[in-house]
Amino acid sequence: MDARVRALESILVDKGYVQPAALDEIVEAYQTRIGPRGGARVVARAWTDPAYAAHLAADATSAIAELDLGGRQGEHMVAVFNDAGTHHLVVCTLCSCYPWAVLGIPPSWYKSSAYRARAVLEPRAVLAEFGTALPGDTRIRVWDSTAEIRYLVVPRRPAGTEGWSEDQLADLVNRDSMIGVRPADEPAAVGNRS
Ligand code: FE
């Protein structure tokens, strides 16, 4: 695949259809500036601001744009909220559609055929392999991303974070929790990290 991409890039550059500097700029942006931190800001805001959460639930595209995020591969966003009764999991069964604008570059497992097939067939087993054990009566809803709609999971706010600032909370929101394969980090995990 790498060789194919390089071959395609060199043809497009040779023919003058794209500029190498523009490609470098896009890759650099997604590798260094655009990443799951953007999505974490959205989730932390939703946890602390009920009006923002309502906006996010009603129109995620505009709520996300309000935080100066959005754009490529994030044009039509839908936010789904985990709660005690329901856990949401995101996949793209067809290929690898992913909300780049809020989560950056997708992890390689997200693009694997095993994840794409098994997330739908046996989501509970997939979650268990990520270390996520849900109570038996928790309903799992699987959302299939498309070129038109990308999903952002809002994980449950961890207990013991009352009074935390938005920035502190954002540190608990890991990328995988916004795909739905893991919960947000526990407050103790942040203490261990510093
Ligand atoms: Fe896709």
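Here is a short report on the structure shown in this document.

Reading the values: the criteria
Sequence order as written defines the numbering, with residues in each chain counted from 1. Where local features are concerned, this predicted model is filtered to residues with pLDDT of at least 70; where side-chain atom pairs are given and counted, the filter is 80 or more; whole-chain, interface and lining totals use all residues. Water and hydrogen atoms were dropped before computing side-chain values, which therefore reflect all heavy atoms in the structure. Metal sites are built from N, O and S donor atoms within 2.8 Å, or 3.2 Å for Na, K and Ca, and they leave out water, so they may look incomplete. Note on exposure labels: buried denotes an accessible area under 20% of the residue type's maximum, exposed denotes more than 50%, and partly exposed covers the range between, all computed with a 1.4 Å probe on protein chains only. In what follows, salt bridge is the name for a side-chain nitrogen of Lys or Arg lying within 4 Å of a carboxyl oxygen of Asp or Glu. Under the scheme used here, helices are H or I runs from DSSP no shorter than 4 residues and strands are E runs no shorter than 2 residues, and both carry numbers assigned from the N terminus. Here an axis means a line fitted to C-alpha atoms, over the contact stretch when the element is a helix, while the angle between two N-to-C directions is reported on a 0 to 180 degree scale. Angles below 35 degrees are treated as roughly parallel, those above 145 as roughly antiparallel, those between 65 and 115 as roughly perpendicular, and all remaining angles as oblique. Crossings are sorted by hand: turned counterclockwise from the far helix by less than a right angle, the near helix makes the crossing left-handed, and turned clockwise it makes it right-handed. Residue contacts follow a heavy-atom distance rule, with two residues in contact if any of their heavy atoms lie within 4.5 Å. For this classification, the nonpolar set comprises Ala, Val, Leu, Ile, Met, Phe, Trp, Tyr, Cys and Pro, the charged set comprises Asp, Glu, Lys and Arg, and every other residue, Gly included, is treated as polar.

In the first shell of the iron ion, the protein supplies Cys92 (SG), Cys95 (SG), Ser96 (N), Cys97 (N) and Cys97 (SG), at 2.1 to 2.7 Å from the metal. Each donor residue of the iron ion belongs to the same chain, with the gaps between them written as C-x2-C-S-C. We note that Cys92, like Cys97, is buried.

The subject of this paragraph is the pattern of salt bridges. Tallying each qualifying case throughout the model produces six salt bridges. With a closest N to O distance of 2.8 Å, Arg37 and Asp171 form a salt bridge. Here Asp171 lies in the loop between helix H10 (166-170) and helix H11 (175-179) and Arg37 lies in helix H3 (residues 36-48), a separation of 134 residues in the sequence. Overall, Asp171 belongs to the partly exposed group, its relative accessible area being 34%. Among the ionic pairs, Glu122 bridges to Arg118, the shortest N-O distance being 2.5 Å. The class of Glu122 is partly exposed, set by a relative accessible area of 35%. In the salt-bridge network here, residues are joined through shared partners; they are Arg118, Glu122 and Glu129.

Our next topic: the packing of H3 against helix H4 (residues 50-58). Contact geometry of H3 with H4 gives a least axis separation of 5 Å together with a crossing angle of 125°. Put simply, H3 runs oblique to H4. In this structure, the crossing between H3 and H4 has a hand that is left-handed. In contact with Val42, Arg45, Ala46 and Thr48 of H3, H4 contributes Pro50, Tyr52, Ala53 and Leu56. Across the contact of H3 with H4, the residue classes tally to six nonpolar, one polar and one charged.

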